[in-house]
Amino acid sequence: MTTRRTRPAPRPPEGTPPRAELARQARTVLADAVRIAHWAAGAPGPGTTAPLAAHALERAATALELSPAQVRAGWDRARLAGLIELHGDTARPGWRLRAWDRDDSAVLRGWVALFDAWSLVHAAPAGIEAGAVAEAVEAVPQVLSLLQLSAGPVTVPALLDLLGQRVAELHEERCEVPLGPGRPATAATAAGATADRPDPATTTGGTDADLNARLLDWALEGLAAVGALTLGHGHATLTPLGNWAVWVKLEQICVAAQSPAGNIEQSAADMLLGCARLTPGPARDEYRAWLAARTVGSAVAELLAVARGQDALLRGLAFEALRVVGAPAEPEVRAVLAEPSLRPYALLWLAEYEGNDPDDAQDVLSREEATWLWVDTAAAVADHGETGLLVRHLDTAVQGTVPALLDEVRAVGHPRTVQVLVALAAAHPDPALAKAVRRAAFQVHTGGA
């Protein structure tokens, strides 16, 4: 076992309201979204699809006494905060809506999901290329850190200077060199391959400074729209909710410094292998450390890429790490339900995410999916575990008897079936049972019945 130093639970900055008050503020920010989500839950007949159908938009506006624009904005916020979930073309109330009035943690998680999606809430200015918008989004955490550390209003020129510095650093990190006012380019384009890249100077009608000013205005307005900050005449100030959220994210980065094995520097596969022998609590700390050093999108993509590999142990651990990611991983996890090798893990992840007790989450699996997962877990144990653990794994099968288990294991088509059965036969102390398992392995190998 890896030992690690424990760190006392951090305390929020002085003056931060208690969680109950923060949750009250979050409920206020999302009040229209909650009303619309409740309306959708009780709306008669079809029509509450995403995007909100025109006739449903009119019905909601009339029923809730809101303008169509307010309904559309609230609908988008409800989706981003997890109050509404998409199932194909139909939207249904999410588990957070059911817990909204009684669970402050669910409320705060919903608001943080909205906060993380600020760039989707407020449309980017027209005429600016997507790359410049993405750079601004990547630079905003530094802007938020300055606001949080300042503990008060910060002037727009100071924020603009910081945004410009961070964007310039991003260009440098990507080995980009300027070709003139408002026009960054990579070394490749500097060699002559510039014909297919739009010129920000021509698309925005100004210099880098003009472009950054427009992007900063957009970012501040977007963050204000989700309740993270307030805008004054020439300055911006974090709200208590925004201050708390930025502090939480800074704490996550501090946790990264505690990684004793240097897992923060590793690829997802190496990080997961480094966590394989940790108990759940320390392992979750390692996952948080690794995640804090990466953007959510890239981290989730890397974890799912590992889950698609051949190592069953890493597949299970990847989904454990995705549990730490939480709400931001939900769309990507839902998208892999169509992949047979990931479907059982994704179903369990979604069941727990939607509030089901982990002990009852197995109920969401079909018999075939549960059997596939049993074989996959057995493969992980055979590759990385102890002999006795593989024998005890027999007791976790849903079939109840070994003959029934062998029949269904043969039919499920897992690519590691033969290896699992051979390893189980070699490990089991009962000669008769071991013989039956070996016979099943031979039948799968030869394609016999």
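Scroll up to find the structure this text is about.
In this report, the structure presented in the accompanying data block is examined. (Residues numbered from 1 in each chain as written. Predicted model: local features only at pLDDT ≥ 70, side-chain atom pairs only at ≥ 80, totals over all residues. Heavy atoms only, no water.)

### As for the overall build of the chain
Moving on, step 1. The secondary structure content of the chain amounts to 24 helices and seven strands.
Moving on, step 2. Counting every position in the chain, which comprises 449 residues, the buried fraction comes to 44%.
Moving on, step 3. Put simply, the chain shows about 22100 Å² of open surface, and 56% of that area lies on carbon and sulfur atoms. (Helix = DSSP H or I, 4+ residues; strand = E, 2+ residues; numbered from the N terminus. Buried < 20%, exposed > 50% of the residue type's maximum accessible area, 1.4 Å probe, protein only. Areas by Shrake-Rupley, 256 points an atom, 1.4 Å probe, with all protein chains shown as cover.)

### Quick word on unusual backbone geometry
Moving on, step 1. At Glu-65, a position not held by glycine, the phi torsion is positive, near 55°.
Moving on, step 2. Unusually for a residue other than glycine, Ala-151 sits at a positive phi of about 55°.
Moving on, step 3. Tracing the sequence through the fold places Ala-151 in the loop between helix 8 (130-150) and strand 3 (154-155).
Moving on, step 4. Residue Ala-151 is classed as exposed on the basis of its relative accessible area, which comes to 69%.

### Some details on the environment of Leu-159
Moving on, step 1. By the secondary structure assignment, Leu-159 is in helix 9 (residues 156-173).
Moving on, step 2. Take Leu-159: its relative accessible area is 0%, and that puts it in the buried class.
Moving on, step 3. Filtering out sequence-adjacent residues up to four positions away, Leu-159 remains in contact with Val-143, Leu-146, Leu-147, Val-154, Leu-216, Leu-220 and Ala-236. (Contact = heavy atoms within 4.5 Å.)

### Focus: the packing of helix 14 (residues 268-275) against helix 15 (residues 280-292)
Moving on, step 1. For the pair helix 14 and helix 15, interaxial distance at closest approach is 10 Å and the crossing angle is 160°. The angle between the axes of helix 14 and helix 15 places the two elements in the roughly antiparallel class. Of the two possible hands of crossing, helix 14 and helix 15 adopt the one that is right-handed. In this structure, helix 14 contributes Ala-268, Met-271, Leu-272 and Cys-275 to the contact, and helix 15 contributes Ala-283, Glu-286, Tyr-287 and Trp-290.
Moving on, step 2. When its residues are assigned to classes, the contact of helix 14 with helix 15 shows seven nonpolar, no polar and one charged. (Axes fitted to C-alpha atoms, helices over the stretch in contact; angles between N-to-C directions. Parallel < 35°, antiparallel > 145°, perpendicular 65-115°, else oblique. Left-handed = near helix turned anticlockwise from the far one by under 90°. Nonpolar A, V, L, I, M, F, W, Y, C, P; charged D, E, K, R; others polar.)

### With respect to the pairing of strand 7 (residues 235-238)
Moving on, step 1. Across two bridges, strand 3 lies against strand 7 in antiparallel orientation. Within the sheet, the bridge partner assigned to Val-154 lies in strand 7 and is Ala-236.
Moving on, step 2. In sequence, strand 6 (residues 229-232) turns back onto strand 7 through a hairpin of two residues, with Gly-234 there showing a positive phi of about 80°. (Pairing = 2+ DSSP bridges.)

### What about the nonpolar core?
If you look at soluble globular proteins, the nonpolar side chains tend to sit buried side by side.
Moving on, step 1. Of all hydrophobic cores here, the largest spans 65 residues; its most connected members are Leu-272, Leu-303, Phe-319, Leu-322 and Trp-374.
Moving on, step 2. If you tally residues by element for this core, the top one is helix 20 (residues 367-384), at nine residues.
Moving on, step 3. When sequence neighbours within four positions are dropped, the list of residues in contact with Leu-303 reads Ala-268, Met-271, Leu-272, Trp-290, Leu-291, Ala-318, Ala-321 and Leu-322.
Moving on, step 4. Among the nonpolar cores identified, the runner-up in size contains 61 residues, and Ala-37, Leu-66, Trp-75 and Val-154 belong to it. (Core = buried A, V, L, I, M, F, W, Y, C linked by side-chain atoms within 4.5 Å.)

### Focus on the environment of Gly-94
Moving on, step 1. Residue position: Gly-94 is located in the loop between strand 2 (90-93) and helix 5 (95-99).
Moving on, step 2. Sequence separation between Gly-94 and Gly-82 is 12 residues, and the spatial gap between their C-alpha atoms is 5.9 Å.
Moving on, step 3. Aside from chain neighbours lying at most four places away, what touches Gly-94 is Gly-82, Leu-83, Ile-84 and Glu-85.

### Observations concerning helix 22 (residues 402-412)
Moving on, step 1. Those residues of helix 22 lying buried are Leu-405, Leu-406, Val-409 and Val-412. Axial view of helix 22: buried residues confined to an arc of 130°, hence all on one face. Of the exposed residues in helix 22, the ones pointing more than 90 degrees away from its buried face are Pro-403 and Ala-411.
Moving on, step 2. In this structure, the buried residues of helix 22 make contact with helix 20, helix 23 (417-427) and helix 24 (431-446).
Moving on, step 3. Just downstream of helix 22, Gly-413 is the residue with a positive phi angle, here 80°. (Arc of directions from axis to C-beta.)

### Some points on the sheet that holds strand 6
Moving on, step 1. Taken in spatial order, the three strands line up as 3-7-6 in an open sheet, and their pairing is antiparallel. In the strand order of this sheet, the two ends are held by strand 3 and strand 6, each with one partner.
Moving on, step 2. Bridge count for strand 6 against strand 7 is four bridges, and the pairing is antiparallel. Looking at strand 7, one finds that Gly-232 is bridged to His-235.
Moving on, step 3. Packing of helix 12 (residues 208-225) onto the sheet brings it into contact with strand 6 and strand 7, and relative to strand 6 it is tilted by some 125°.

### Here's the deal with the packing of aromatic side chains
Moving on, step 1. Counted under the stated rule, the structure contains four aromatic pairs.
Moving on, step 2. Seen from their ring centres, Phe-319 and Tyr-345 are 5.5 Å apart, and the 20° between their planes marks the pair as stacked. Here Tyr-345 lies in helix 19 (residues 343-353) and Phe-319 lies in helix 17 (residues 312-325), a separation of 26 residues in the sequence.
Moving on, step 3. Taking the relative accessible area as the measure of exposure, Tyr-345 reaches 9% and is therefore buried.
Moving on, step 4. Here the aromatic rings of Trp-349 and Tyr-353 are separated by 5.2 Å at their centres, their planes lie at 20°, and the arrangement is stacked. With Trp-349 and Tyr-353 both in helix 19 and four residues apart, the pair spans about one turn of that helix.
Moving on, step 5. By relative accessible area, Trp-349 is classed as buried at 2%.
Moving on, step 6. Among the residues examined, Tyr-353 registers a relative accessible area of 14% and is labelled buried. (Phe/Tyr/Trp six-rings, centres within 6.5 Å; stacked < 30°, edge-to-face > 60°.)

Structural measurements only, silent on function.
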